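Examining the three-dimensional arrangement
Here are the chains, one letter per residue:
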Amino acid sequence: MSPSRRPAALAAGAAVVTVLLWASAFVSIRSAGDAYSPGALALGRLLSGVIALGALCLVRREAPPPRSAWPGIAVSGLLWFGLYMVVLNWGEQQVDAGTAALVVNIGPVLIALLGSRLLGDAMPQRLLAGMAVSFAGAVTVGLSMSGGGGSSVLGVVLCLLAAVAYAGGVVAQKPALGTASALQVTTYGCLVGAVVCLPFGGQLVRQVGEAPLSATLNMVYLGVFPTALAFTTWAYALARTTVSRMGATTYAVPALVVLMSWAMLGEVPGSLTLAGGVLCLAGVAVSRSRAAAAGVPQPAKVTDSA
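Residues numbered from 1 in each chain as written. Predicted model: local features only at pLDDT ≥ 70, side-chain atom pairs only at ≥ 80, totals over all residues. Heavy atoms only, no water.

1. So, the nonpolar core
Among the nonpolar cores identified, the biggest contains 67 residues, and Tyr36, Trp80, Tyr84, Val170 and Trp234 are the most heavily contacted of them. Of all the elements, helix 10 (residues 213-238) adds the most residues to this core, at 10 residues. The contact partners of tyrosine 84, leaving out residues within four places of it in the chain, are Leu79, Ala162, Ala165 and Tyr166. (Core = buried A, V, L, I, M, F, W, Y, C linked by side-chain atoms within 4.5 Å. Buried < 20%, exposed > 50% of the residue type's maximum accessible area, 1.4 Å probe, protein only. Helix = DSSP H or I, 4+ residues; strand = E, 2+ residues; numbered from the N terminus. Contact = heavy atoms within 4.5 Å.)

Okay, structure coming up:
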């Protein structure tokens, strides 16, 4: 591999690790979510992540992030690590899978719009077309896997709030990566999220004593891998491309969830589910094809908007 292509390959590899681990989180949440309430699960996950990231920072002797990065870290920690994790856990208890897929998956669309408005990200036609295809696939997957449950107004509002918090957190994180490392941004963002979720500490202590070991181990897994590792690889990749393209990449998650559920839980997907998964992956391929053809993606211009 030529030196000029190495950064692009590393960023692409980091993005792949992120979507694989985020997809695996849905399988673990099914177990942990039966024993833990939304707030307690979010806090336990974040505390596990903070411990893992803190240990890594000590080993690497990572200094605290510079003052200029703290506004973005604080906002992303509040919105994405804190608010998003709690309201998404809560919202998915209130609505069926189809409604959740439809509402939550507007997140990457909001990321593209906010990135264009606040960070000056370009909105090429390939990116827009790919996002449209992937969004259709995500909704198809959600509808096909719906258990036929009802939807409440509260659940829809919670899922919408989760999508907005996700988008706002990603866009706020991008400027912070201009002056801080991916590990710094992730570690301290996770710490901010854990502090935000501390009011659920009483629930967590009580439920740890009542939950089966498998649920607790799944909660720890969520903190160490889909949070500590995957959010760090996400930040690494985000520092090397635009928020719009990274947001579009997450549309691969629904397709991977289908495959993992098939392999690990024996849930055989129907033809409509498989078709939706193919659409998700096709849309991601279209949205990123231009960046791949152009070579090494350049970081978006950092502004003081966040």
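Anyway, onward from the coordinates.
2. Some details on the side chain of serine 24
On the secondary structure map, serine 24 appears in helix 1 (residues 6-32). Residue serine 24 is classed as buried on the basis of its relative accessible area, which comes to 10%. A polar contact of 2.7 Å, which involves the side chain of serine 24, links it to the side chain of tyrosine 221. Once residues within four sequence positions are removed from consideration, serine 24 is found in contact with Tyr221, Pro226 and Met260. (Polar contact = N/O pair within 3.5 Å; in protein donor to acceptor, adjacent residues only side chain to side chain.)

3. Side note on unusual backbone geometry
Although it is not a glycine, arginine 61 sits at a positive phi angle of roughly 55°. Mapping arginine 61 onto the fold places it in the loop between helix 2 (38-60) and helix 3 (70-91). Since its relative accessible area comes to 77%, arginine 61 is described here as exposed.

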